[in-house]
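This is what each chain is made of:
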Amino acid sequence: GSSLEWLRAMGLPKVPVDAAATGPKVIAAGARQAERITFNLGANPERIAEGIKLARQVRKDAGLPADGLTFGAYLPVAPHPDIRAARLLVKGVTGVYARFQAMPGHPSSLIAAEDRKVIETVGANYNYGHHGRADASHAVYLEDEFVDRFAAIGTAEQVAERLSALFKLGLDWLLMVGPNRRADVEAAEE
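What comes next concerns the included structure. (Residues numbered from 1 in each chain as written. Predicted model: local features only at pLDDT ≥ 70, side-chain atom pairs only at ≥ 80, totals over all residues. Heavy atoms only, no water.)

Things to note about the packing of helix H4 (residues 83-100) against helix H5 (residues 113-124)
Packing of H4 against H5 leaves a shortest axis separation of 8 Å and a crossing angle of 95°. In terms of their interaxial angle, H4 and H5 are classed as roughly perpendicular. Counted together, Gly95, Ala98 and Arg99 of H4 and Ile119, Val122 and Gly123 of H5 form the full contact between these two elements. Class assignment of the residues belonging to the contact of H4 with H5 gives a composition of 3 nonpolar, 2 polar and 1 charged. (Axes fitted to C-alpha atoms, helices over the stretch in contact; angles between N-to-C directions. Helix = DSSP H or I, 4+ residues; strand = E, 2+ residues; numbered from the N terminus. Parallel < 35°, antiparallel > 145°, perpendicular 65-115°, else oblique. Contact = heavy atoms within 4.5 Å. Nonpolar A, V, L, I, M, F, W, Y, C, P; charged D, E, K, R; others polar.)

Next comes the structure, spelled out in C-alpha cells:
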C-alpha cells in the first residue's frame, strides 16, 4: 500500500470509510472494516432494521465498539399529492436500485416473496440502454405496490412520516434521489 506521509503530518482526521451495501456479505464487511454503511434496501422499515441489526451483531462479534459505526440509506423520494405522479417520478431510480438487488450472488431469500418476484424480473429484463429512466422497458415490471414499499412517496406529510420512521430505526443520514431529467417536468416542479 501507499503511504501519504505529508497528509499524516497535517494532522487531519481520518476520512471515514462508507460501504454501500445491499446484501449481507457487504453489510458484514462494512461492519468490520468501515465507519459508515449506506444501505440500498429501499424505504422498507423491516429491511432497514434487519440491515442495522446484522451490522451491529457482526461488529459485536468482531469485538469492535458499537459507536464506531453509523448508518444511512439510498432512497427514491418524491413527495407529490397525486400518488400516481409520485410513483412515476421515482420509477427510474427504483428500477436501478431493484437491479442492484438482483445482481448475481445476492441472496434473494432475505427479500419478501412479493418483492423478490419484482426484483428478479427487473434484473432479468433490465435495459441498460435506458438506465435510470422511468420509460425504460423494464419499468413495466415495477408494480405500484413495490414502488410504494421501496420508495418514500405520497403527500409531503406521508413522506416526512416515512423518513422520520427510518431515522427512528437508527439511520443517521439519507441519500435521497428524486425525479430524473426524463420525469414529467410539471409533476417534478410540483
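Still more to cover.
Section: the side chain of Arg59
By the element assignment, Arg59 lies in helix H3 (residues 45-61). The charged side chain of Arg59 is buried without a salt bridge, its nearest counter-charge being Asp67 at 6.3 Å. Of the polar contacts made by the side chain of Arg59, one reaches the backbone oxygen of Pro65; its length is 2.7 Å. Beyond its immediate stretch of four places on either side in the chain, Arg59 contacts Ala31, Ala34, Leu64, Pro65, Ala66, Gly68 and Leu69. (Buried < 20%, exposed > 50% of the residue type's maximum accessible area, 1.4 Å probe, protein only. Lys, Arg positive; Asp, Glu negative; His and termini not counted. Salt bridge = Lys/Arg side-chain N within 4 Å of Asp/Glu carboxyl O. Polar contact = N/O pair within 3.5 Å; in protein donor to acceptor, adjacent residues only side chain to side chain.)

A closer look at the nonpolar core
Of all hydrophobic cores here, the largest spans 23 residues; its most connected members are Ile37, Phe39, Ile48, Phe71, Leu75 and Leu171. Contributions of two or more residues to this core are made by helix H2 (24-33), strand E2 (36-39), H3, strand E3 (70-79) and helix H7 (156-169). (Core = buried A, V, L, I, M, F, W, Y, C linked by side-chain atoms within 4.5 Å.)

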